[in-house]
Amino acid sequence: MKTNDPWKKLSDATRRRSRTPEPPTEMPWGFDNAVLARLRDMRSSPAELWLRLAWRMVPAGAAVFLVCWIAVRPNPAIGVTSDSKELAELLIQEVFPQ
Amino acid sequence: MHGEEAKAPEVAADLTADMAAWQRHGDEPAARRLMAALYPSVMSIIRGRLPRRVAEEDLAQEVFVRFFEKLGSYDGRAPLAHWLSRIAVNVCIDALRAEARRPELRWADLSEAEADALNATVAGTIAEAPDVAAAGELTTKLLDALDEKDRMIVQMMDLEGRTVREVQELTGWGESGIKIRAFRARRKLRKTILALEKKR
């Protein structure tokens, strides 16, 4: 049957004259390992994932702790100031007049 | 191309033990046997439906990952080859969608040979045109401008000669949806060809 449909003519010509290459019959080397590795990653339980994440966070946590500790630890060099000493003496004199 | 459907039940019977072994305790040797047996079927489905910038091996890996992930939901009602092909078709559609490049095809986008093929198409002499590769390239460029599902349907029906029923089995989509999409896609392809010819 004659048709004026240009797409039909083009698709018929393409189908008749070009052939899809035959698919390979064997997997390429390492293909199955790659698939299984992806499946293993996906099958890891959430608990394992959390544990792995927590373990990775240990160095970062330790660094943060160290910085905080250095920032807030009591400095022995900063003792009682002369002002506060003087104030204390005045207070003692006031309470226990000689 | 159509051989895998006929073989489907015996393939399923051969591989049932391996499928059960994988599902029960993640038996990797069983998974390797399944992949070795199903690899040619997967490749026959994805070859020819491949997005331009995706390696077929990457797509095949994705098909098997989804296959093993979903194996628990396989109830044996459809032949294994059909079930696998639906996964493969969906993987191809996702890859085509990820490319998501559907620009309007212009005359300037065509090579000289493709332009000749287009002229021959409109003139009705494409069946005798000497450059087969150019007709194939032109067809691919026209299909690139379609929606992913429309492209898959037109490719199966018009380029591989499959029936609506076969497309239904391979994709799992409804019959009327396939017919409507095929009709719309062909109309769009016709319009594109004629518009290209007018604008040259």
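Above this text is the structure in question.
Heads up: these notes are all about the structure in this document.

Parameters at a glance
Residues numbered from 1 in each chain as written. Chains lettered and ligands numbered in written order. Predicted model: local features only at pLDDT ≥ 70, side-chain atom pairs only at ≥ 80, totals over all residues. Heavy atoms only, no water. Helix = DSSP H or I, 4+ residues; strand = E, 2+ residues; numbered from the N terminus. Buried < 20%, exposed > 50% of the residue type's maximum accessible area, 1.4 Å probe, protein only. Contact = heavy atoms within 4.5 Å. Salt bridge = Lys/Arg side-chain N within 4 Å of Asp/Glu carboxyl O. Buried area = accessible area lost by both parts, 1.4 Å probe. Polar contact = N/O pair within 3.5 Å; in protein donor to acceptor, adjacent residues only side chain to side chain. Patch = residues over 30% accessible without salt bridge, like charges linked within 9 Å, V, L, I, M, F, W, Y side chains within 5 Å. Areas by Shrake-Rupley, 256 points an atom, 1.4 Å probe, with all protein chains shown as cover. Core = buried A, V, L, I, M, F, W, Y, C linked by side-chain atoms within 4.5 Å. Phe/Tyr/Trp six-rings, centres within 6.5 Å; stacked < 30°, edge-to-face > 60°.

Once that is clear, we can look at the environment of Leu-143 of chain B. Turning to its location among the elements, Leu-143 of chain B is positioned in helix 6 (residues 132–144). Leu-143 of chain B sits in the buried class, given a relative accessible area of 2%. On a C-alpha basis, the gap between Leu-143 of chain B and Lys-188 of chain B in space is 10.0 Å, while along the polypeptide they are 45 residues apart. Other than its neighbours up to four places away in sequence, Leu-143 of chain B contacts Trp-7 of chain A together with Arg-151, Val-154, Gln-155, Leu-159 and Leu-189 of chain B.

Using the criterion set out here, one finds 24 salt bridges over all chains in the structure. Of the charged contacts, one joins Glu-28 of chain B and Arg-40 of chain A as a salt bridge, the two residues approaching to 2.8 Å between their closest N and O atoms. Taken as a pair, Glu-28 of chain B in helix 2 (residues 28–46) and Arg-40 of chain A in helix 2 (residues 31–43) lie in two separate chains rather than in one. Salt bridges linked by common partners bring Arg-38 of chain A together with Glu-62, Arg-66, Asp-94, Arg-97 and Glu-148 of chain B together as one network.

Moving on, we get to the interface of chain A and chain B. With 32 residues of chain A at the contact, the number on the chain B side is 46 residues. Of the roughly 3400 Å² buried at the junction of chain A and chain B (both faces included), carbon and sulfur atoms supply 68%. The interface formed by chain A and chain B contains four salt bridges. Viewed at the interface, chain B and chain A are joined by eight residue pairs in polar contact (both at pLDDT 80 or more). Residue assignment for the side of chain A that touches chain B shows that the elements contributing at least two residues are helix 1 (6–17) and helix 2 of chain A. Top element by residues in the side of chain A that touches chain B is helix 2 of chain A. It accounts for eleven residues.

Let's shift gears to a nonpolar patch on the surface. Together, Phe-65, Leu-66, Trp-69 and Ile-70 of chain A give the surface a local cluster of nonpolar side chains, amounting to about 470 Å² of exposed area. With respect to the secondary-structure elements, Leu-66 of chain A resides in helix 3 (residues 46–72).

Judged by nonpolar contacts, the single largest core of 46 residues is most densely connected at Ile-46, Phe-64, Phe-67 and Phe-68 of chain B. Looking at this core, the elements with two or more residues in it are helix 2 of chain A together with helix 1 (3–25), helix 2, helix 3 (56–70), helix 4 (80–99), helix 7 (148–159), helix 8 (164–171) and helix 9 (175–199) of chain B. Ranked by residues supplied to this core, first place goes to helix 4 of chain B with eleven residues. Those residues in contact with Phe-68 of chain B, other than ones at most four positions away along the chain, are Val-35 and Leu-39 of chain A together with Trp-22, Ala-31, Leu-34 and Met-35 of chain B. Counting 22 residues, the second-largest nonpolar core is a separate cluster that includes Ala-13 of chain A together with Ala-129, Ala-185 and Ile-193 of chain B.

Within the structure shown, the criterion is met by eight aromatic pairs over all chains. Between Phe-31 of chain A and Phe-64 of chain B, the ring centres sit 5.8 Å apart and the planes meet at 80 degrees, which makes this aromatic pair edge-to-face. Pair noted here: Phe-31 of chain A is in helix 2 and Phe-64 of chain B is in helix 3, and the two residues belong to different chains. Overall, the relative accessible area of 0% leaves Phe-64 of chain B in the buried class. Ring centres of Phe-67 of chain B and Phe-68 of chain B lie 5.2 Å apart, and the angle between their planes is 70 degrees; on these two criteria the pair is classed as edge-to-face.

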